[in-house]
Amino acid sequence: MRHLLHVSLVALTLAVAAPGWAQTATELKKELLPKIKKAQAEGKDLGEAKEEYDAGDKALRDGLQEEGLEHFKKAKSLMPKD
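Remember, it's a predicted structure, so these values are computed and weren't measured experimentally.

Rules used throughout
- Residues numbered from 1 in each chain as written.
- Predicted model: local features only at pLDDT ≥ 70, side-chain atom pairs only at ≥ 80, totals over all residues.
- Heavy atoms only, no water.
- Helix = DSSP H or I, 4+ residues; strand = E, 2+ residues; numbered from the N terminus.
- Expected span 1.5 Å × (residues − 1).
- Buried < 20%, exposed > 50% of the residue type's maximum accessible area, 1.4 Å probe, protein only.
- Arc of directions from axis to C-beta.
- Contact = heavy atoms within 4.5 Å.
- Core = buried A, V, L, I, M, F, W, Y, C linked by side-chain atoms within 4.5 Å.
- Salt bridge = Lys/Arg side-chain N within 4 Å of Asp/Glu carboxyl O.
- Phe/Tyr/Trp six-rings, centres within 6.5 Å; stacked < 30°, edge-to-face > 60°.

Colleague: Explain helix α4 (residues 65-78) to me, please; I cannot follow it from the model alone.
Modeller: Along an α-helix, a turn takes 3.6 residues, which lines up residues three or four apart on a common side. The terminal C-alpha atoms of α4, which comprises 14 residues, lie 20 Å apart, in line with the 20 Å expected from a rise of 1.5 Å per residue. For α4, the set of buried residues is Gly68, Leu69, His71, Phe72 and Ala75. Taken end-on, α4 shows its buried residues confined to a sector of 165°, consistent with a single buried face. Counted as exposed and oriented over 90 degrees from the buried face of α4: Glu66 and Ser77. On its buried face, α4 is in contact with α2 (25-41) and α3 (48-61).

Here you go:
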């Protein structure tokens, strides 16, 4: 019984704390913007990364936080390597 209570308490703590570890769409947007501007200044082709960034920006403006976050995550993964 005591072990079950301990496991439940740990699971609950992680469930509450996990959102604190996650990046928000706005934080990810602020992280990506300088990278996108730098890549554009260097003449790199951003292709789908820029499209995903723009879609995320539009989603944020429309109040769709989760959708914006997904677009920014995709944009980050599609960014050209330095």
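Colleague: I tried to follow the nonpolar core on my own but got confused; where do I start?
Modeller: Nonpolar side chains tend to gather and get buried jointly when the protein is soluble and globular. Grouped together as the largest cluster of nonpolar side chains are 13 residues, with contacts concentrated most on Leu32, Tyr53, Phe72 and Met79. Elements represented by at least two residues in this core include exactly α2, α3 and α4. Counting residues per element, this core draws most heavily on α2, at 5 residues. In this structure, Phe72 is in contact with Ala25, Leu28, Lys29, Leu32, Tyr53, Gly56, Asp57 and Leu60, ignoring residues within four places of it in sequence.

Colleague: Explain the pattern of salt bridges to me, please; I cannot follow it from the model alone.
Modeller: Oppositely charged side chains can pair when the atoms bearing their charge come close. Scanning the model with the defined rule gives 8 salt bridges in all. Here Asp54 ties to Lys50 by a salt bridge, and the two come within 2.8 Å at their closest N and O atoms. In this pair, Asp54 and Lys50 both sit in helix α3, 4 residues apart, roughly one turn of the helix. Classification of Asp54 as partly exposed rests on a relative accessible area of 34%. Connected through shared salt-bridge partners, Lys29, Asp57 and Arg61 make up one network.

Colleague: Help me understand the packing of aromatic side chains, please; the structure alone is not making it clear to me.
Modeller: To describe a pair of aromatic rings, you give the distance between the ring centres and the angle between the ring planes. This structure, assessed with the given rule, holds 1 aromatic pair. Summarising the aromatic geometry, the rings of Tyr53 and Phe72 are spaced 5.4 Å apart at their centres and angled 55° between planes, so their arrangement reads as tilted. Pair noted here: Tyr53 is in helix α3 and Phe72 is in helix α4, with a separation of 19 residues, a long-range link. Owing to a relative accessible area of 5%, Tyr53 belongs among the buried residues under this scheme. Given the relative accessible area of 0%, Phe72 is considered buried.

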